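Summary of the model geometry
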Amino acid sequence: MGWLDEAGSYWSRDVAALLSALESDAAKGLSVAAAAERLARQGPNALGGQARRATWRLLLGQFTNPLILILVFAAVVSAVAGEWVDATIVLLVVAGSGAMGFVQEYAAGSALERLRARVTLTTNVVRDGEAQAVASSALVPGDIILLSAGSLIPADGVLLDARDFFVNEAVLTGETYPVEKRPGVVAENAGIAQRTNCVFLGSNVRSGTARALVVQTGAATLYGQIAKRLTLRPPETEFERGLHHFGLLLTQFMAVLVMVVFTANILHARPALDSVLFAIALAVGLAPELLPVILTVTLSKGAQKMAAGGVIVRRLSAIENLGSMDVLCTDKTGTLTEGVVRLDAALDAEGQPSQAVLRDALRNAHFQTGLKNPLDEAIWAARGSLTLEGWRKVDEIPYDFIRKRLSVVVADGDGRHRLITKGALEPLLPVCGDIADAAPLLARYEEWSASGFRVLGVASKAVPPQPVYSRDDEAGLTFEGFLLFFDPPKEGTARALRDLASRHVAVKIVTGDSRGVAVHVAGEVGLPVDAVLTGEQLRAMGDEALWHAAERTTIFAGVDPNQKERIIGALRRTGHVVGFLGDGINDAPALHAADVGISVDQAVDVAKEAADLVLLEHDLDVLRTGIDEGRRTFANTIKYIFTTTSANFGNMLSMAGASLFLPFLPLVAKQILLNNFLSDIPGMCIAGDRVDDEWLHQPRRWNMHFLRRFTVVFGLVSALFDFLTFGVLLLVMQAGPEVFRTAWFIESLLTELAVALVVRTRAAFYRSKPGRALWMSTLAVGVLTLILAYTPLGPIFDLVPLPPRLLLLILAITGLYVLAAEAAKRWFWRTSGL
């Protein structure tokens, strides 16, 4: 690694010395063989935190729940006291639960890694003297990388050359605006913001072009060193916050329950060790300890189904937000329109067809080296017999979002230089010196825009030869004419918009295009327009005014990147869950600001990196499929919570109550744990359960009040039937401790299995067919529950065979419970207001 050590304080060293230290060549870069050798020696260009969680850590994580650790400790104490059989059973059940969670979570993680691999970031690099695209993770020190607008900086390096090169490095410096970078040498003690000759991992290119020498990769980068010192977690989604509050509520209740039960059992003069194990097992039974696993598995299955539908999930937590989304902001190009732009006409200033305008546009489009775009491709496709023979490129003034134009300087065979500018019409006209009255030009522009054409202007002037040209040279231009582009509405868009409206998702157009074009496209695809706001109006509008206006506005036209971010913030401020679909450099801030950032596979790197979801097809119908899957995932997660709160809460509450007046423990610890373990088997299958269509009709959001009410209602119904069982066992059957425990073990497990099938649907349970895995696992566990006491495992868990009459009574009570739970469900939903 000596060649790397020699590059220390690289920003203060001459480029030639750095190239020598890194054994690289400014023109040819590294050889493919040398790059492969360095990659093998130092590993991929990736941060440690991005690696998949180690298998052993995943397995160990299944047993880090404090309740599980306490239970294991108590089992060890029990073994030391001579209760080897009970201690072994407890440990085996704990190990079985952990293994089940590990298998499910490992499979989910493997599937997610395969999906993420489908969306890879690449970098243009020079190796063996040729430019080629390689995975960003394969970069090594000494590589020469080519950067342009939209590029993510993939590593730390020093500039070899640059042209109007502006970089956004707010992630490192906090500086809001892009900063210009130039080749050179800076002081060794220069701070990050003063290293204007360097580029850093985590930043992105806003405009211009550059070549850079890679010096540091992966964890050795500045960003990597920061990541080592910080535990970086993405902000919690609304659903995750709700789960956190729900967990706190159960934890508080659990702590009180454990203390009361333990104290009561000690006062009843029961063995202290048995009382400790019982109280802890009770807490484990109440706690939704599988919820993190269920959540991971459910989200992973959702991600796999979404991938099959053309949506790659980059951040799992975004799936619930996608299901909760009620506003989608999107550009029109490629989403509402085909995204296949064609040049419809090249016209002079009078609106007449002009080969001269097309010729200048062709030179500009061909020689520019910044961000590739469909407009330049459309110009090239319309060139006909025109050629560029005899012309060469001299210089370039790259595009940026302030000027909204791009210029190239070309020279003919006689060495005469000409600057050709192409860009948005309104910012271009003020730098043209030959326009006495812009009104007629703007009138034509408005007319064409209202007809759905995107209009660009072309201007030029002769310039003297000089070493470098800059933005200051874009003055005194001669206006040549117009370029009219047309992007037809996409077939099926109107139906996709109706489908989204039926799911209560409002679509808003947020575009840099003109008002006329946006309104025309909306009309063509059947999107009702309530109001239109332009970028100019937004600049004059305060935040509070925007909060009120944003909800009523359908089209935001002529907006810049910062305004897109403001719009997203205003909609979120008024209580909406907002999705933003974008694929350009200027979309990155809005993608970060949205609840759900959505991009496409063909997007620029900075947009894909900022996105939570990536569409393999630029299509609203694909997104609608993703929304449906997000809502299914949300629904199945809630189903598990419903089952946990309605069954576990009731069972543990009644068990705690029974322990206060019974002369014996209602269940011993190993029976509680076995009950919990068996009920978790169908619980795992909820992740793949069928979802009723009504779950898809509108956004679903976490509702703590609703869940608290659900817990109380169904917990009390469950407890009522538990106490009915106690009464039958004690007063009718005169059951002793072993028969009582066996009978109640069977009844509590059967009712928990049954209630899962009841509460999983808002409809009558017999009208909604559960998923195959759910009903088969429920049936299998139900049969096992009935026969367990008659098998060799029965005595191990202190279960005894029951007389047929008692079994029939238990089945009858279970049947009555199902009817009561169904009646309670209908009443609950009828009075819930949802």
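In short, a report on the structure. Remember, predicted model here, so these are calculated numbers, not experimental data.

Across its full length, the chain holds 30 helices and 21 strands. In the chain, the share of contacts with a sequence separation of at least 24, taken over all contacts with a separation of at least 6, comes to 74%. Entry remark: accessible area of the chain is about 34,800 Å², with carbon and sulfur atoms responsible for 58%.

Our next topic: the environment of Asp722. When you line up the elements, Asp722 lands in helix H26 (residues 704–732). Each residue touching Asp722, except ones within four places of it in the same chain, is listed here: Gly650, Asn651, Ser654, Trp744 and Glu747.

The next point concerns helix H28 (residues 772–787). Here H28 contains 16 residues, and its C-alpha end-to-end distance of 23 Å stays within 8% of the 22 Å for a straight helix at 1.5 Å per residue. Taken as a whole, H28 has its buried residues at Leu774, Ser777, Thr778, Val781, Gly782 and Thr785. Angularly, the buried residues of H28 cover 135° about the axis, an arc narrow enough to put them on a single face. Those residues of H28 that are exposed and angled more than 90 degrees off the buried face are Arg772 and Leu779.

Two elements in contact, helix H25 (residues 669–685) and H28, have axes whose closest approach is 8 Å; the angle formed by their N-to-C orientations is 170°. As judged from the angle between their axes, H25 and H28 are roughly antiparallel. Between H25, through Leu678, Ile681, Pro682 and Cys685, and H28, the contact on the second element is made entirely by Ala773, Leu774, Ser777, Thr778, Val781 and Leu784. A class-by-class count of the residues in the contact of H25 with H28 yields 8 nonpolar, 2 polar and no charged.

Our focus in this paragraph is the side chain of Ser768. Its location among the elements puts Ser768 in the loop between helix H27 (737–759) and H28. Judged by relative accessible area, Ser768 falls into the buried class, the value being 6%. A polar side-chain atom of Ser768 sits 2.7 Å from a polar atom in the side chain of Asp692. Excluding anything up to four places from it in sequence, Ser768 contacts Asp692, Arg760 and Thr761.

If you trace the 6 strands from one edge of the open sheet to the other, you get E10-E15-E14-E13-E12-E11, paired in antiparallel fashion. In this open sheet, the two strands that pair with only one neighbour each are strand E10 (342–348) and strand E11 (392–397). Averaged over all neighbouring strand pairs, the angle between strand axes comes to 25°, with direction disregarded. Where strand E12 (residues 405–411) lies against strand E13 (residues 417–424), 7 bridges are found, and the strand directions are antiparallel. Counterpart to Val410 in the pairing with E13 is Arg418. Contacts from helix H13 (residues 355–367) reach E10, E11, E12, E13, strand E14 (454–463) and strand E15 (478–486) within the one sheet, and its direction differs from that of E13 by about 90°.

In this section: the pairing of strand E9 (residues 327–330). Of the two faces of E9, the one holding Val327 and Cys329 and the one holding Leu328 and Thr330 are both buried throughout. Alignment of E9 against strand E16 (residues 506–510), held across 4 bridges, turns out to be parallel. From the neighbouring strand, Leu328 faces E16, where its bridge partner is Val507. With 4 bridges connecting them, E9 and strand E19 (residues 578–581) associate as parallel partners.

A separate point is the pattern of salt bridges. By the definition in use, this model includes 35 salt bridges. The partner of Arg211 in a salt bridge is Asp161, and the shortest N-O contact between them spans 2.8 Å. Taken together, the residues Arg211 in strand E7 (residues 204–216) and Asp161 in strand E4 (residues 156–168) connect sequence positions 50 residues apart. What makes Asp161 partly exposed here is its relative accessible area of 31%. Here Asp628 and Arg503 are joined by a salt bridge, their closest N and O atoms 2.7 Å apart. Pair noted here: Asp628 is in helix H24 (residues 620–661) and Arg503 is in the loop between helix H17 (493–502) and E16, with a separation of 125 residues, a long-range link. Each of Arg495, Asp499, Arg503, Asp621, Arg624 and Asp628 takes part in a single network of salt bridges with overlapping partners.

Quick look at the sheet that holds strand E20 (residues 596–600) now. Spatially, the 8 strands line up as an open sheet ordered E8-E21-E20-E19-E9-E16-E18-E17, and their pairing is mixed. Strands at the two margins of the open sheet, each flanked by one partner only, are strand E8 (311–313) and strand E17 (532–534). Strand-to-strand twist across the sheet, computed as the mean angle between neighbouring axes with direction ignored, equals 20°. With 3 bridges joining them, E17 and strand E18 (residues 555–557) adopt parallel strand pairing. Bridging from a neighbouring strand, Val532 pairs with Ile555 of E18. Relative to the sheet, helix H18 (residues 515–525) contacts E16, E17 and E18, its axis offset from that of E18 by approximately 150°. Set on the sheet, helix H21 (residues 561–573) makes contact with E9, E16, E18 and E19; between it and E19 the angle comes to about 160°.

A few words on the nonpolar core. In terms of nonpolar packing, the biggest core is built from 62 residues, with Leu322, Leu328 and Ile598 touching the most fellow members. For this core, the leading source of residues is H18, giving 5 residues. Apart from the residues lying within four places of it in its own chain, the contact partners of Leu328 are Leu500, Val505, Ala506, Val507, Lys508, Gly579, Phe580, Leu581, Ile598, Leu620 and Leu623. In this structure, Phe634, Met704, Val717 and Phe828 belong to the second largest nonpolar core, which totals 29 residues.

Residue Asp128 is not a glycine yet carries a positive backbone phi of 55°. Position of Asp128 among the secondary structure elements: in the loop between strand E1 (122–127) and strand E2 (130–135). The phi dihedral of His504 is positive, around 60°, even though this residue is not glycine. Examined against the element boundaries, His504 turns out to sit in the loop between H17 and E16.

Okay, the packing of H26 against helix H30 (residues 804–832) next. H30 packs onto H26 with a crossing angle of 160° between their chain directions and a minimal axis gap of 10 Å. When the interaxial angle is binned, H26 and H30 end up roughly antiparallel. When you trace H26 past H30, the crossing you get is right-handed. Along the lines of polarity and charge, the residues of the contact of H26 with H30 split into 20 nonpolar, 4 polar and 3 charged.

Inspection of every chain in the model, using the stated rule, returns 19 aromatic pairs. A ring pair is formed by Phe765 and Tyr766, whose centres lie 5.5 Å apart and whose planes are at 80°; its orientation type is edge-to-face. Owing to a relative accessible area of 54%, Tyr766 belongs among the exposed residues under this scheme. Across the ring face of Trp391, the terminal group of Arg363 is positioned such that the distance to the ring centre comes to 3.9 Å.

Cut-offs used in this document
Residues numbered from 1 in each chain as written. Predicted model: local features only at pLDDT ≥ 70, side-chain atom pairs only at ≥ 80, totals over all residues. Heavy atoms only, no water. Helix = DSSP H or I, 4+ residues; strand = E, 2+ residues; numbered from the N terminus. Contact = heavy atoms within 4.5 Å. Areas by Shrake-Rupley, 256 points an atom, 1.4 Å probe, with all protein chains shown as cover. Expected span 1.5 Å × (residues − 1). Buried < 20%, exposed > 50% of the residue type's maximum accessible area, 1.4 Å probe, protein only. Arc of directions from axis to C-beta. Axes fitted to C-alpha atoms, helices over the stretch in contact; angles between N-to-C directions. Parallel < 35°, antiparallel > 145°, perpendicular 65-115°, else oblique. Nonpolar A, V, L, I, M, F, W, Y, C, P; charged D, E, K, R; others polar. Polar contact = N/O pair within 3.5 Å; in protein donor to acceptor, adjacent residues only side chain to side chain. Pairing = 2+ DSSP bridges. Salt bridge = Lys/Arg side-chain N within 4 Å of Asp/Glu carboxyl O. Core = buried A, V, L, I, M, F, W, Y, C linked by side-chain atoms within 4.5 Å. Left-handed = near helix turned anticlockwise from the far one by under 90°. Phe/Tyr/Trp six-rings, centres within 6.5 Å; stacked < 30°, edge-to-face > 60°. Lys NZ or Arg CZ within 6 Å of the ring centre and 35° of its normal.

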